[in-house]
Structure formats: structure tokens, C-alpha cells
Amino acid sequence: MSTPLEAMLGNYRAADSLWIGKPFDARNNSLNLIRLVFAVAVLVHHAWPLSGTENSPSFAGDTLGGWAVAGFFVISGYLITHSRFTHSLGDYLVHRIARIVPAFIVCLIVVAAVFAPIGYAKANGTLDGFFGTGTTPFNYVFTNLGLRMNAYDVAGTPAAVPYAGVWNGSLWSIYFEFCCYIIVAFIGLFALVRKSPWPITVLFVLSVAANVAMTRIAPYAQGNYDFTMLMHLLPFFLGGSVVYVWKHRIGIHWLPAVLSLAAAAVLTAFFPTWGGGASGAFIAYGLLWISLWLPSPQLVKKNDVSYGIYIYAFPVQQLLALYGLHERGLPAYIIIAGVLTFLPAICSWIWLERPIMRTVRRAGKAAAPHAAVPQPSAGPAAPLMPAATADGFPEKPAAAAAQA
């Protein structure tokens, strides 16, 4: 005889009708295009501080880049939760590591081996001392291998730019993205979380409550920056997760989507400290609806270069600033940086990201007969996140502050 809880879960699993709307089409949508737009928006936002220009566009206390990456984050929450709920723990972790880590490490190497030597030679007229000055190229790569950015400069470069001492101020977010992956990996171990939408819904509410009470909670963590930032990011991610676990009941429909986006705007306008995170589920639902009617070129549907845009835009913009391109005005600086950033992003996708993901998926399919959980293909997620500080950058290192 089943218990009331088992009966409730059984009803949830058996439900095949939607209260409203239609199911989200996982294969015919423009999420790649939306992520690409968000990646370009982050590049545009960075143009202000990297050129030394003030008054960058903002809304409700956050920048254009902050809101763009928040959109990425809720989409990531939706897609990553799907990946966890349709894969075994081991396969899930392999997929997530394959999607994030190789391109991250290669980007570190490219910065240390290509961008930094150019910057050092520009500042000193020679490469003498490059391999033994300040944060050495080897140490820059090695100390950041764990995804947590511990060093931003290489041999004291970039110097003589408005935002000195930081080659890639975007990579800080990858560490927190992976922390969210680990959280979802853990909670996915429990059958109740997989069978009912309520546990993740409750976790989302608790994460919002933690942000509301952060001034009271932070002292217990001794003001730990990593903890505070993770708690800031988690509601966005879990907002996407909430939409995923309720997709069996709530379909995609224009009316709740418009109301969701309106509610998100109101919450963030009146409660800028925590309203954005509290709107995570609203933003996720609205973006999924937009992705169903927004037309997207087939080339973009099949190729997701948004991660490459995100991790390479910053060093490209810094390199241009070294040669004074930022002094020609923001429009020229943004356009030139955008065009040049697509080159390493496309190379990263074609020669690194896509081949690695295909290899992992083929290995997963080959092992499928022995797997405990079926493994349907899940779309890759781009790891972009809300800004770390008011201007969308990590806290500037002391050495960078001294050079600015």
C-alpha cells in the first residue's frame, strides 16, 4: 500500500497534461542566439571601464553586463538541471567538466603565451625578464587551474591602460558556475528531488531569503567573498531550475511569460538588492518563451560560440586599449573588439569545445546500455554570470590599483 507522499509523487510522474501553454521545444529554439546576444552585451558593457569611460548603462543598481550575464545564468540553471536529471552522476560531471574546463585552461594559456608577451614588449620594449617578473606566465596558468582566479596579471601586465593589471576580468565567474554545478549534482542524488518539483522550489525560495538577509548572514561567514558571491548567484541559477522541474505542468505561453517579465522588472526596480535573484524563475520563463518565437539562423542554432566570446572578449579589449584603440571612441572600440573577439571564439568552438563535447557524447552513448540513467542529448550551457562588483569586474588586485 502506497503512502500519501508516494501517491503524490506518482501523480506528478503520471501527469501528461499542461495547465497552460505548450511544451518547450528543446530542439527548435533560439537559446544559442540569445546567449550570443548576451555575450556581446557583456563585451559592450566592458567597453566603458576598459576605456576609462564613466556612466556605463545600468538598471536597478546593476550594469548592462550584469543583467546580460544574469540572463545567461538562469538559462544555464534550466539546461544544467536537465543534464543532471537525465544523466548519472558520473556522466553529468564528465559533461560539465568537458564543457567548461578545457576551453578555460586553453584561454589561460593563450593569455599567458600570446596576449601577455605582446603587452610586456609594448611596455618594456623587450621580453627580458618576462618569465621571472611578478606573476610569471607559468604561475598565472598554474594558480588559476582550479577555476578560481587567484591572479589576473602576467608579469605586471597589462600596464598603461585604464584598467591595469587585469588580463581577463571575466574568468572569475567560472568558479562560481562550477560551484552551482556541484550543488545540483548533490541534490540530484535524492530521489525526492528528482520526483517532485517542490524540493528545488523550496531551495530557490530559501536562496532568495538568504539574499534578503545577507547583511545578517555574512558576519557568520566572516565576510567571505566567495560565500557572498555564491549566494548572490544561486537564486538566478535555481530560478532556471525551478522552471525546469515545473515544465511537466506549466507549458510555455505568451501571457504568463509577459507577466513574468513584468514582475521581474518591478521586483528589480523596487528591490534592487535582492529583486533580481528573486526574479530568477520569472526571467527564465520569459527567456524560454522568447526563444520559441525569436527566429535564429541555422548556423547559430548548430554552433554556440557564446562561451568563447565571453572568455576572450576581455583580453582582446585590453590588447586594443594597449594600442590606444579605446581613444577613438566607444563605437569604434566596441565594433573592432567584437569583430576580433569572434576569431578566437570560433576557433575555440570548432577546434576545441565542439570536438570535446562530441567525444564525450559518443562515449556516453557507447556506455548507455550499462548506465543507470538514460542519457538523451542535452544542449550546452554558457557559463556567464552576474557582475562581481558594481562595475561588473572582480575586485581589482592591489597591484592593478596601483597602476591604474
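Cut-offs and rules
Residues numbered from 1 in each chain as written. Predicted model: local features only at pLDDT ≥ 70, side-chain atom pairs only at ≥ 80, totals over all residues. Heavy atoms only, no water. Helix = DSSP H or I, 4+ residues; strand = E, 2+ residues; numbered from the N terminus. Buried < 20%, exposed > 50% of the residue type's maximum accessible area, 1.4 Å probe, protein only. Contact = heavy atoms within 4.5 Å. Areas by Shrake-Rupley, 256 points an atom, 1.4 Å probe, with all protein chains shown as cover. Phe/Tyr/Trp six-rings, centres within 6.5 Å; stacked < 30°, edge-to-face > 60°. Expected span 1.5 Å × (residues − 1). Salt bridge = Lys/Arg side-chain N within 4 Å of Asp/Glu carboxyl O. Axes fitted to C-alpha atoms, helices over the stretch in contact; angles between N-to-C directions. Nonpolar A, V, L, I, M, F, W, Y, C, P; charged D, E, K, R; others polar. Polar contact = N/O pair within 3.5 Å; in protein donor to acceptor, adjacent residues only side chain to side chain. Patch = residues over 30% accessible without salt bridge, like charges linked within 9 Å, V, L, I, M, F, W, Y side chains within 5 Å. Left-handed = near helix turned anticlockwise from the far one by under 90°. pLDDT = per-residue confidence, 0-100.

Caption draft 1: Inspection of the overall build of the chain at higher detail. Check the secondary structure of the chain and you find 17 helices and two strands. For the chain, buried positions account for 53% of its 404 residues. At a minimum sequence separation of 6, the contacts of the chain that also span at least 24 residues come to 79%. Approximately 17,900 Å² of the chain is accessible, and the part contributed by carbon and sulfur atoms is 68%.

Caption draft 2: Layout of the packing of aromatic side chains. The full count for this structure, using the stated rule, is 21 aromatic pairs. Aromatic pair Phe-138 and Phe-142: ring centres 5.8 Å apart, planes at 10°, arrangement stacked. Placement of both Phe-138 and Phe-142 in helix H5 (residues 137-143) is noted, with a separation of four residues, approximately one turn of the helix. The pair formed by Phe-138 and Phe-142 is uniform in burial state, with each residue classed as exposed.

Caption draft 3: Broad picture of helix H3 (residues 64-85). Taking 1.5 Å per residue, 22 residues should reach 32 Å; H3 reaches 32 Å between its end C-alpha atoms and fits that length. Most of H3 sits inside the fold, with 19 of its 22 residues counted as buried.

Caption draft 4: Local environment of the pattern of salt bridges. The tally for this structure, following the rule as stated, stands at four salt bridges. Here Glu-353 and Arg-99 are joined by a salt bridge, their closest N and O atoms 2.8 Å apart. A residue pair is termed long-range when its members are at least 10 positions apart, and Glu-353 in helix H16 (residues 330-367) and Arg-99 in helix H4 (residues 89-124) qualify at 254 residues. Take Arg-99: its relative accessible area is 2%, and that puts it in the buried class.

Caption draft 5: Layout of helix H2 (residues 31-50). The terminal C-alpha atoms of H2 lie 28 Å apart, and with 20 residues this matches the ideal 28 Å at 1.5 Å per residue to within 8%. Across the 20 residues of H2, 18 count as buried, placing the element largely inside the fold. Looking one or two residues past H2, Gly-52 carries a phi angle of roughly 75°, positive in sign.

Caption draft 6: Seen up close, the packing of H2 against helix H13 (residues 280-293). Between H2 and H13, whose axes approach to 8 Å, the crossing angle comes to 115°. Across the interface between the two elements, Leu-31, Ile-34 and Phe-38 of H2 pack against Leu-287, Leu-288, Ile-290 and Ser-291 of H13. In terms of residue class, the contact of H2 with H13 is made up of six nonpolar, one polar and no charged.

Caption draft 7: Region of the structure containing the side chain of Glu-353. Overall, Glu-353 belongs to the buried group, its relative accessible area being 3%. A distance of 2.5 Å separates a polar atom in the side chain of Glu-353 from a polar atom in the side chain of Ser-348. Among all residues touching Glu-353, those that are not within four sequence positions of it are Arg-99, Ala-103, Asp-304, Tyr-307, Gly-308 and Ser-348.

Caption draft 8: How the structure looks around unusual backbone geometry. In this structure, the amide linkage connecting Thr-157 to the following residue, Pro-158, adopts the cis form with an omega of 0°. Within the fold, Pro-158 resides in the loop between H5 and helix H6 (173-187). The phi angle at Ala-160 is positive, at roughly 55°, despite the residue not being glycine. Within the secondary structure, Ala-160 sits in the loop between H5 and H6.

Caption draft 9: Spotlight on the environment of Gly-65. In this structure, Gly-65 sits in helix H3. Taking relative accessible area as the criterion, Gly-65 reaches 5% and is therefore assigned buried. Residues Gly-65 and Ala-41, 24 residues apart in the sequence, show an inter-C-alpha distance of 6.0 Å. Beyond its immediate chain neighbours, meaning those up to four positions away, Gly-65 contacts Val-42 and His-45.

Caption draft 10: Expanded view of the environment of Glu-327. Note on placement: Glu-327 falls in the loop between helix H15 (306-322) and H16. Through-space distance from the C-alpha of Glu-327 to that of Thr-53 is 10.0 Å; in sequence the pair is 274 residues apart.

Caption draft 11: Quick peek at a nonpolar patch on the surface. Nonpolar side chains collect at one region of the surface, where Ile-335, Ile-336, Val-339, Leu-340 and Leu-343 lie side by side and expose about 430 Å² of accessible area between them. Relative to the assigned elements, Ile-336 resides in helix H16. For Ile-336, a relative accessible area of 31% translates into the label partly exposed.

Caption draft 12: Representation of the environment of Leu-108. On the secondary structure map, Leu-108 appears in helix H4. For the pair Leu-108 and Trp-167, spaced 59 residues apart in sequence, the C-alpha to C-alpha distance is 9.7 Å.

Caption draft 13: Focus on the packing of H3 against H6. Two elements in contact, H3 and H6, have axes separated by 10 Å at closest approach and are oriented at 35°. Considering how the two elements wind past one another, H3 and H6 form a crossing that is right-handed. In this structure, H3 uses Phe-73, Ser-76, Ile-80, Thr-81 and Arg-84 to contact H6, whose residues at the interface are Glu-177, Cys-180, Tyr-181, Val-184 and Ala-185. By residue class, the composition of the contact of H3 with H6 is six nonpolar, two polar and two charged.

Caption draft 14: Region of interest: the confidence of the model for the chain. In this model, the chain carries an average pLDDT of 87, and 87% of its residues clear a pLDDT of 70 or more. The low-confidence segment residues 1-15 (pLDDT under 50) makes 13 contacts with residues lying over four places distant or belonging to another chain. For residues 371-404, every residue scores under 50 in pLDDT, and the model assigns this stretch 113 contacts once sequence neighbours within four places are set aside.

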